[in-house]
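# Working through the structure, step by step
Each chain, written out:
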Amino acid sequence: MKDKSKALEALLQENRVFAPPQDFVAQANANDAAIYDQASADRLGFWARQAESIDFFEPYNEVLEWDAPFAKWFVNGKLNVAYNCIDRHLKTDRRNKAAIIWEGEPGDTVTLTYQDLYREVNKFANVMRKLGVKKGDRVTIYLPMIPELAIAMLACARIGAPHSIVFGGFSADSLRDRIDDAQSTLLITADGGWRRGSVVPLKGNADQAVEGDSPVKNVVVVERVGLAKSNANMVEGRDLLWHELMKESSHICEPESMDSEDMLFILYTSGTTGKPKGVVHTTGGYLVGTASTHRYIFDLKENDVYWCTADIGWITGHSYIIYGPLANGATTVMYEGGPDYPNKDRFWEIVEKYGVNIFYTAPTAIRAFMKWGTQWPESRDLSSLRLLGTVGEPINPEAWMWYHKFIGGERCPIVDTWWQTETGQIMISPLPGLTKTTPGTATVPFPGIEVDVVDEQGNSSDAGYLIVKSPWPAMLRTVYGDPERYKSTYWSRFDDYYFTGDGAKRDELGNIWVMGRVDDVLNVSGHRIGTMEVESALVDHQSVAEAAVIGKTHELKGQAVAAFVTLKDGFEGTDDLMAELKAHVAKKIGAIARPEDIFFSAELPKTRSGKIMRRLLRDIAEGRKLGDTTTLADPSVVQKLMSQNDE
Ligand code: WTA
């Protein structure tokens, strides 16, 4: 799949149609197509009905107040997210139901019932209150996928302290930037985490991130791998051990009464500038949006075991491991480690062991499973599965068919869900008991969601930009500390429409095919990386004069980072320097941003007006015949680059 345009062509020629299986339809949470008509006839009424499944301490008096582009949902309602995700289930048969089934990479397991979760969350909420964390204070969480991560975020929600979770794969520098931007006073981390048998040195990174001038007053450390093993150093007066603090803490903690529009969390995501954006999500709308989509799209039933394989450091983990599922009283599985550790059937072993019914993963993972071979899933009993989902990038039809056949046993509907950190909730997806699907399309908007494909002028079109036409409950409310950036990034390209940054097409059946980003955001293994962030990391190295970064089509990752670098005088583009630059990016941002390829060039190909020709760089990186080069200022630059790729 070297040639991206060919892959896209193949995607659009895909016309196999899969109708929901009859027995699935019969039991589905949504099996009457009237849900779409009703929602479009009365969108706010639809969302008001969804809000009935959420407990408000004080009722809201208006569904939506829209002062474009600023939205308030469930206006003046008072509620608490942790109360909705835990306390209210204790009054029902769910009290002793497994809320979280957790498995560590080494094979250790913990099951937290709703009652257990209540106790742990309250205890940690009291710990934070004792440390002086008040409603509105930001708390940064830098943890591996361990139960304490879920407990910490719910405890934050309980006391009204917005969390900012930083994925454990991010570097010390990235962590520092995010802490500083949010001005967090508390950092929660672990001595380390397990990844493919080795220890990720989280505490070491955390120490660097808060060294010197930092808003962080205390660091709470979970002992995950053992302090000795991780070489973690505890700083007297600043660092405190989780289990020590928990020992003395009371398990009664009244939840804060939060306004619907109080901030629930900040999550940083890459944009088109060098500085990641703090996407702000609030309380009422976010919970209504995630809980309702989770219930309908994943067809959740009381006894289901549901597993989303994302990391909670990304939005998918926030919305569909924790908040949506727990608000619905589900049993949600959390797994700490790699999919191929110790063997390539680890995921299928987990499905078999816990009898997972609903499984949600990313196309990049499916492509890896395909490469590893069918013997791995075939050696496990996957008959408990009844529904599959994907998220993060367009799924290529081959991967869809493989997933359908070898994981779903040709009986499970697949929901291809399109959404973003900013949308908070799934926006485009089949409803598994209603929607006919075709491999590669996320199909149609969720009821109550209005999207369109528009041309440059903002007119509805069959190909162009994906936009959202009206506000939705879990939408981002702003960019933390930067409402102007919120307006200019999302709401200025087309008047009154939310601009997604994605290109899309619509077919004759009305299905929407999301084609990928049209801005300078890469999608590497389903993770967003801004080209500017990588460029800034490169020019931060003493040898680099200028850098241009592009996404190169990659068989497994979807896209891989490729960098074009011009060096300062006196430096030579050796293999050693190449390795050093790759390591430098990993150190500055995190391993996910490490360039796969670096091309050295005396100059970068630019137009006569000085714009770097990224399309050309993409052609070079992918070894393609070059298109139009007539606008190039100096054609010889390209010849030299091309010859490098042949080497
Ligand atoms: C891409 C992840 C096609 C898209 C939830 C979007 C998808 C970006 C799909 C958001 C899908 C996500 N089909 N593309 N089903 N799901 N994307 O913020 O480019 O990490 O803009 O949120 O992923 O990535 P983010």
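Rules behind the numbers
- Residues numbered from 1 in each chain as written.
- Predicted model: local features only at pLDDT ≥ 70, side-chain atom pairs only at ≥ 80, totals over all residues.
- Heavy atoms only, no water.
- UniProt positions renumbered as here; feature names shortened; annotations may be inferred.
- Helix = DSSP H or I, 4+ residues; strand = E, 2+ residues; numbered from the N terminus.
- Near = heavy atom within 4 Å.
- Polar contact = N/O pair within 3.5 Å; in protein donor to acceptor, adjacent residues only side chain to side chain.
- Areas by Shrake-Rupley, 256 points an atom, 1.4 Å probe, with all protein chains shown as cover.
- Nonpolar A, V, L, I, M, F, W, Y, C, P; charged D, E, K, R; others polar.
- Core = buried A, V, L, I, M, F, W, Y, C linked by side-chain atoms within 4.5 Å.
- Buried < 20%, exposed > 50% of the residue type's maximum accessible area, 1.4 Å probe, protein only.
- Domains from an automatic or database assignment.
- Contact = heavy atoms within 4.5 Å.
- Expected span 1.5 Å × (residues − 1).
- Pairing = 2+ DSSP bridges.
- Axes fitted to C-alpha atoms, helices over the stretch in contact; angles between N-to-C directions.
- Phe/Tyr/Trp six-rings, centres within 6.5 Å; stacked < 30°, edge-to-face > 60°.
- Lys NZ or Arg CZ within 6 Å of the ring centre and 35° of its normal.
- Buried area = accessible area lost by both parts, 1.4 Å probe.
- Salt bridge = Lys/Arg side-chain N within 4 Å of Asp/Glu carboxyl O.

## Some remarks on the UniProt feature "domain: AMP-binding enzyme C-terminal" (unreviewed entry) in the protein
Under the local residue numbering, the UniProt record ascribes the feature "domain: AMP-binding enzyme C-terminal" (unreviewed entry) to residues 533-611. The span residues 533-611 carries 27% helix and 32% strand; its end-to-end C-alpha distance comes to 18 Å.

## Brief notes about the site of the ligand
Around the ligand sit 17 residues, and of these Asp416, Thr417, Thr421, Asp502 and Arg528 come closest. Between aspartate 416 and the ligand, the recorded distance is 2.7 Å, taken from a side-chain N or O atom to a nitrogen atom. In the environment of the ligand, a nitrogen atom lies 2.7 Å from a nitrogen or oxygen atom belonging to the backbone of threonine 417. Burial of the ligand by the protein chains amounts to 96% of its free accessible area of 530 Å². The set of elements that each furnish at least two residues to the shell around the ligand consists of α13 (315-327), β20 (414-417) and β25 (512-517). Tallied by class, the residues present in the shell around the ligand amount to 6 nonpolar, 6 polar and 5 charged.

## A look at the nonpolar core
Of all hydrophobic cores here, the largest spans 151 residues; its most connected members are Phe124, Ile188 and Tyr323. Element by element, the count of residues in this core is highest for helix α7 (residues 147-159), at 10 residues. When we break this core down by domain, the ones giving at least three residues each are domain 1 (22-503) and domain 2 (521-646). When near neighbours in sequence (up to four residues on either side) are disregarded, tyrosine 323 contacts Val81, Cys85, Met153, Leu154, Ala157, His163, Leu264, Phe265, Tyr286, Leu287, Thr290 and His318. Listed in part, the 29 residues of the second largest apolar core include Tyr354, Phe359, Trp400 and Trp402.

## A closer look at helix α12 (residues 284-297)
Taking 1.5 Å as the rise per residue, α12 with 14 residues should run 20 Å; its terminal C-alpha atoms sit 20 Å apart, in good agreement. Along α12, 13 of the 14 residues are buried, which leaves the element largely enclosed by surrounding structure.

## A word on the sheet that holds strand β19 (residues 387-391)
Spatially, β5-β4-β17-β16-β18-β19-β20 is the arrangement adopted by the 7 strands of the open sheet, whose pairing is mixed. Each edge of the open sheet carries a strand with a single partner, namely β5 (109-113) and β20. Across the sheet, the mean angle from the axis of one strand to that of its neighbour is 15°, orientation sign disregarded. Across 4 bridges, the pairing between β19 and β20 is parallel. Following the sheet pairing, threonine 390 is matched in β20 by aspartate 416. Its contacts with the sheet put helix α17 (residues 397-407) on β18 (358-361), β19 and β20, and the angle it makes with β19 is roughly 155°.

## Some details on the side chain of lysine 97
Looking at the element boundaries, lysine 97 is found in the loop between α5 (81-90) and β4 (98-103). Since its relative accessible area comes to 14%, lysine 97 is described here as buried. Side-chain polar atoms of lysine 97 contact the backbone oxygen of glycine 329, separated by 2.6 Å. Residue contacts for lysine 97: discarding those within four places in its chain leaves Leu112, Thr113, Tyr114, Glu302, Gly329, Ala330 and Thr331.

## Notes on the packing of aromatic side chains
Within this structure, the stated rule accounts for 45 aromatic pairs. Between phenylalanine 124 and tryptophan 242 the ring centres are 4.0 Å apart and the planes differ by 15°, which places this aromatic pair in the stacked class. You can see phenylalanine 124 sitting in helix α6 (residues 114-130) and its partner tryptophan 242 sitting in helix α11 (residues 242-247), a full 118 residues away along the chain. Phenylalanine 124 gets classed as buried once you look at its relative accessible area, which sits at 0%. Following the ring pairs from residue to residue traces out a cluster consisting of Trp307, Tyr335, Phe347, Trp348, Phe359, Phe369, Trp372 and Tyr403. Taking NZ or CZ as reference, arginine 178 lies 4.4 Å from the ring centre of phenylalanine 170, over its face. One residue, arginine 295, lies across the ring of tyrosine 296, its end atom 5.8 Å from the ring centre.

## Observations regarding the domain arrangement of the protein
What the domain assignment reports for the protein is domain 1 (22-503) and domain 2 (521-646). Spacing between the C-alpha centres of domain 1 and domain 2 amounts to 32 Å. With 24 residues of domain 1 at the contact, the number on the domain 2 side is 22 residues. Summed over both partners, the interface of domain 1 with domain 2 comes to about 1700 Å²; 47% of that surface belongs to carbon and sulfur atoms. Ranking the residues of domain 1 by area buried against domain 2 places Asp173, Ser270 and Trp314 at the top, with a combined share of 26%. In this structure, the connection of domain 1 to domain 2 is made through 2 salt bridges. Here aspartate 173 ties to lysine 588 by a salt bridge, and the two come within 3.0 Å at their closest N and O atoms. At the boundary of domain 1 and domain 2, one finds 14 residue pairs in polar contact (both at pLDDT 80 or more). For the side of domain 1 that touches domain 2, the elements supplying multiple residues, two or more each, are α8 (172-182) and α15 (363-372). Partitioning the side of domain 1 that touches domain 2 into residue classes produces 5 nonpolar, 13 polar and 6 charged.

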